[in-house]
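Here is what each chain is made of, one letter per residue.
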Number of protein chains: 2
Amino acid sequence: MRDAYHEDLDRLTGQLVEMTRLVGSAISRASTALLDADLVLAESVIVADNAVDTLRDELDRKAMDLLARQQPVASDLRVIVATLKMSADLERMGDLARHVARAARRRFPEPAVPAPLRATIVEMGQVAERLVAKTGSVISSHDVEAALQIERDDDDMDRLHRALFTALLDVSAPYSVEAAIDVTLVSRYYERFADHAVAVARRVVFLVTGQQARELAETP
Amino acid sequence: MRDAYHEDLDRLTGQLVEMTRLVGSAISRASTALLDADLVLAESVIVADNAVDTLRDELDRKAMDLLARQQPVASDLRVIVATLKMSADLERMGDLARHVARAARRRFPEPAVPAPLRATIVEMGQVAERLVAKTGSVISSHDVEAALQIERDDDDMDRLHRALFTALLDVSAPYSVEAAIDVTLVSRYYERFADHAVAVARRVVFLVTGQQARELAETP
């Protein structure tokens, strides 16, 4: 049986996973709100982000409390420090989902994404959901291989981000400046969302191995 | 006289201030590179960002080492946890300066900023420099009043960010989609740079008072 201290550590991990679930739901609903110009859904994503912030505050408080009371060393210390860093990344992912929802709200009742670019944004939303789901699994499983895989999944997001710019700049199908601003910002939000998922995965690698992910990635 | 442990804590603070100096220099030079389409300067900012990343890694290592060896509580613990969070913000500010430099490099030899929007970008660069300089002072001084002031300075950046969008959307002076993309991204980089300066200032408030800045800001 685990002692109370290790149960507290497990609870930290459980709450991080809960954050990935909230953030996954947020980006999924924000994507739908954006693509369907659904104002009610957009508003609900914006409001729900408070729960992510609250969870982050709670996690940070618990992590600091464990540091003060248990004075952990070695891998336990790494778990707690990684938690403090991961909570910041996950909170930011929540903000980015909220930004996508706000972009939907700003243009309502018009859609913020021009029809020819919808398919790419749909795909970005799917990649974002997949990344955050995998991130949640990796936080639970501490599976280093799966964590390193997330970095490769992020390449899909970067490819989609570049594809959007290429499409926007296609002179044969000119877009308005307004559409260019909206799509640039939204695309950037998805890209950053994915970057933070990668950052969380890297921290899992660090807490398991004590090595930075980039050192491991360099070995074949 | 301070004991070795408190000297180590002071050294953490000193290194955070050093990060603000590097990042301040980076955003200043990136702004010049952007406005003057100066490729050599842009490249130098891009390369120099490695030093910021290295300093962050070193700081995090030292902070973890102090946690493990000294098992701090109360305000010392807050200093170390805040350091771990602040190093992430400052590292990100370095990335954002590098992104501004990359925007300059991407359009070289053309300027990335259309002439009528230059004055606003000049001002954004100045606000960014002022914010990071104040952030460095606040990290040293632990002056809560000055830290709360940084939040108000950030309003200037938000105002400039909105002004750029208004200018981009002015139908009487149409901009190209390419210019709209470049300016949207660059403006977003400056705005995020300022947000991270605010986040650092808030962490100083937390480490001094044990309260979140937003709780204090709500009291008159």
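Throughout what follows, the structure given in this document is the object of discussion.

Rules of the game
Residue positions are given per chain, counting from 1 as you read along its sequence in written order. Lettering of chains starts at A and numbering of ligands starts at 1, both following the order in which they are written. Predicted model: local features are reported for residues with pLDDT of at least 70 only, side-chain atom pairs are reported and counted for 80 or more only, and whole-chain, interface and lining totals are derived from all residues. Side-chain metrics in this entry use all non-hydrogen atoms of the structure; hydrogen atoms and water are not considered. A run of DSSP states H or I qualifies as a helix once it reaches four residues; a run of E qualifies as a strand once it reaches two. Both are numbered from the N-terminal end. Radius of gyration: over C-alpha atoms. The globule rule applied is 2.2 Å multiplied by the number of residues raised to the 0.38 power. Exposure classes here rest on a 1.4 Å probe applied to the protein chains alone. A residue is buried below 20% of its type maximum, exposed above 50%, and partly exposed in between. It only takes one pair of heavy atoms within 4.5 Å for two residues to be counted as in contact. Each accessible area is a Shrake-Rupley result for a 1.4 Å probe, and residues are judged covered by the shown protein chains and nothing else. Method remark: on a 1 Å grid restricted to protein atoms, a set of points is classed as a cavity if a 1.4 Å probe fits but cannot get out and as a pocket if it is open with protein on both sides within 12 Å along at least five of seven lines; lining residues have an atom within 4 Å of a point. Grid points are joined across faces, edges and corners, and a volume is the space filled by probe spheres set on the points. Axis geometry follows a simple rule: fit a line to the C-alpha atoms, using only the stretch in contact for helices, then measure angles between N-to-C directions, giving values from 0 to 180 degrees. Should an angle fall under 35 degrees it is taken as roughly parallel, and over 145 as roughly antiparallel, whereas 65 to 115 is taken as roughly perpendicular and any remaining angle as oblique. Rotating anticlockwise by less than a right angle from the far helix to the near helix defines a left-handed crossing, while the corresponding clockwise rotation defines a right-handed one. The least-squares superposition of copies is restricted to C-alpha atoms, and to residues with a pLDDT of at least 70 in both copies. An expected span of 1.5 Å times one less than the residue number is assigned to each helix. As used here, buried area is the combined drop in accessible area, with a 1.4 Å probe, of two parts when they are placed together. The term salt bridge refers to a side-chain nitrogen of Lys or Arg lying within 4 Å of a carboxyl oxygen of Asp or Glu. Between N or O atoms, a polar contact is any pair within 3.5 Å; within protein, one atom must be a potential hydrogen donor and the other a potential acceptor, and residues adjacent in sequence are included only when both atoms are from side chains. Put simply, buried Ala, Val, Leu, Ile, Met, Phe, Trp, Tyr and Cys residues joined by side-chain atoms within 4.5 Å make one nonpolar core.

Turning to the overall build of chain A, a few remarks are in order. Helix and strand content of chain A: seven helices and zero strands. Mapped in sequence order, the helices and strands of chain A form the string α-α-α-α-α-α-α. Relative to a compact globule of 220 residues, whose C-alpha radius of gyration would be 17 Å, chain A shows 19 Å and is just as compact. Dimensions of chain A, computed from C-alpha atoms along their principal axes, come out at roughly 65 × 45 × 25 Å. Across the 220 residues of chain A, 55% fall into the buried class. For chain A, contacts bridging at least 24 residues in sequence account for 82% of all contacts bridging at least 6. Accessible area for chain A stands at about 9,300 Å²; split by element, carbon and sulfur atoms hold 53% of it.

With that out of the way, let us pick up empty space enclosed by the protein. All names here are of chain B. Enumeration over the complete set of coordinates arrives at three cavities of 30 Å³ or more. Taken as a whole, the largest cavity holds about 50 Å³ of empty space. In this structure, the largest cavity is lined by T13, L16, V79, T83, M86, I139, H142, V204 and L207. Only α1 (4–36), α3 (74–107) and α6 (177–209) provide two or more residues apiece to the lining of the largest cavity. With three residues, the top contributor of residues to the lining of the largest cavity is α3.

On to the packing of helix α4 (residues 118–141) of chain A against helix α6 (residues 177–209) of chain A, then. Residues and elements named next belong to chain A. Where α4 meets α6, the axes come as close as 10 Å, and the angle between the chain directions of the two elements is 15 degrees. By the angle class used here, α4 and α6 are roughly parallel. Relative to α6, α4 is oriented so that their crossing is left-handed. Between α4 and α6, the residues in contact are I121, M124, G125, A128, L131, V132, T135, V138 and I139 and V186, S187, Y190, F193, A194, A197, V200 and V204, respectively.

The two copies are related by a screw operation: chain A maps onto chain B through 180 degrees of rotation and 0.0 Å of translation along the axis, at an RMSD of 0.0 Å. Such a combination of rotation and displacement between the chain copies is what one expects of a two-fold axis. The residues that chain A uses at the interface reappear at the interface of chain B in 100% of cases, marking a shared surface.

With that settled, consider α4(A). All names here are of chain A. Between its first and last C-alpha, α4 extends 35 Å over 24 residues, near the 34 Å set by a 1.5 Å rise per residue. Among the residues of α4, those classed as buried are T120, I121, M124, G125, V127, A128, L131, V132, T135, G136, V138 and I139. As for α4, its buried residues are in contact with α1 (4–36), α3 (74–107), α5 (144–168) and α6. One or two residues past the end of α4 sits H142, with phi positive at roughly 55 degrees.

Right, let's get into unusual backbone geometry. Residue and element names in this part refer to chain A. Residue P109 follows F108 across a cis peptide bond; omega there is 5 degrees. Considering the arrangement of structural elements, one finds P109 in the loop between α3 and α4. Even without glycine at this site, Q71 takes up a positive phi of about 45 degrees. Tracing the backbone through its elements, the reader meets Q71 in the loop between α2 (39–70) and α3. By relative accessible area, Q71 is classed as partly exposed at 26%.

This brings us to the interface of chain A and chain B. Each partner contributes residues to the interface: chain A has 34 residues there, and chain B has 34 residues. Between chain A and chain B, a total of about 2,900 Å² is buried, with carbon and sulfur atoms accounting for 66% of that surface. Along the contact surface separating chain A from chain B lie two salt bridges. Here D60(B) ties to K85(A) by a salt bridge, and the two come within 2.9 Å at their closest N and O atoms. Connecting chain A to chain B are seven residue pairs in polar contact (both at pLDDT 80 or more). Of all the elements in the fold, those that place two or more residues in the side of chain A that touches chain B are α2, α3, α5 and α6 of chain A.

A few words now on the nonpolar core. Proteins that are soluble and globular tend to have nonpolar side chains buried together. With 158 residues, the main nonpolar core has L34(A), I121(A), Y190(A), L34(B), I121(B) and Y190(B) as its most contacted residues. If we ignore the near neighbours within four places in the chain, the residues touching Y190(A) are I27(A), S31(A), L34(A), V100(A), I121(A), M124(A), G125(A), A128(A) and M157(A).

Bringing the pattern of salt bridges into the picture now. In total, this model carries 44 salt bridges over all chains according to the counting rule given. Several salt bridges share partner residues, and in doing so they unite D8(A), R11(A), D65(A) and R69(A) into one network.

Right, let's get into the side chain of H99(A). Here H99(A) lies in helix α3. Residue H99(A) is classed as buried on the basis of its relative accessible area, which comes to 13%. Dropping the residues within four chain positions of it, H99(A) is found in contact with R92(A), Y189(A) and R188(B).

Before going further, it helps to spend a moment on the environment of E58(B). All names here are of chain B. Topologically, E58 is positioned in helix α2 (residues 39–70). Its relative accessible area of 28% is what places E58 among the partly exposed residues. Sequence separation of E58 and A82 is 24 residues, and the distance between their C-alpha atoms is 15 Å.

Here we take up the packing of α1(B) against α6(B). All names here are of chain B. Packing of α1 against α6 leaves a shortest axis separation of 13 Å and a crossing angle of 160 degrees. The angle between α1 and α6 falls in the class roughly antiparallel. In the crossing of α1 with α6, the sense of the turn from one axis to the other is left-handed. When α1 is examined against α6, the residues V23, I27, S31 and L34 are found in contact with a partner set consisting of V186, Y190 and F193.

Glancing now at the side chain of R188(B). Its location among the elements puts R188(B) in helix α6. If we ignore the near neighbours within four places in the chain, the residues touching R188(B) are R92(A), H99(A), L185(A), Y189(A) and H161(B).

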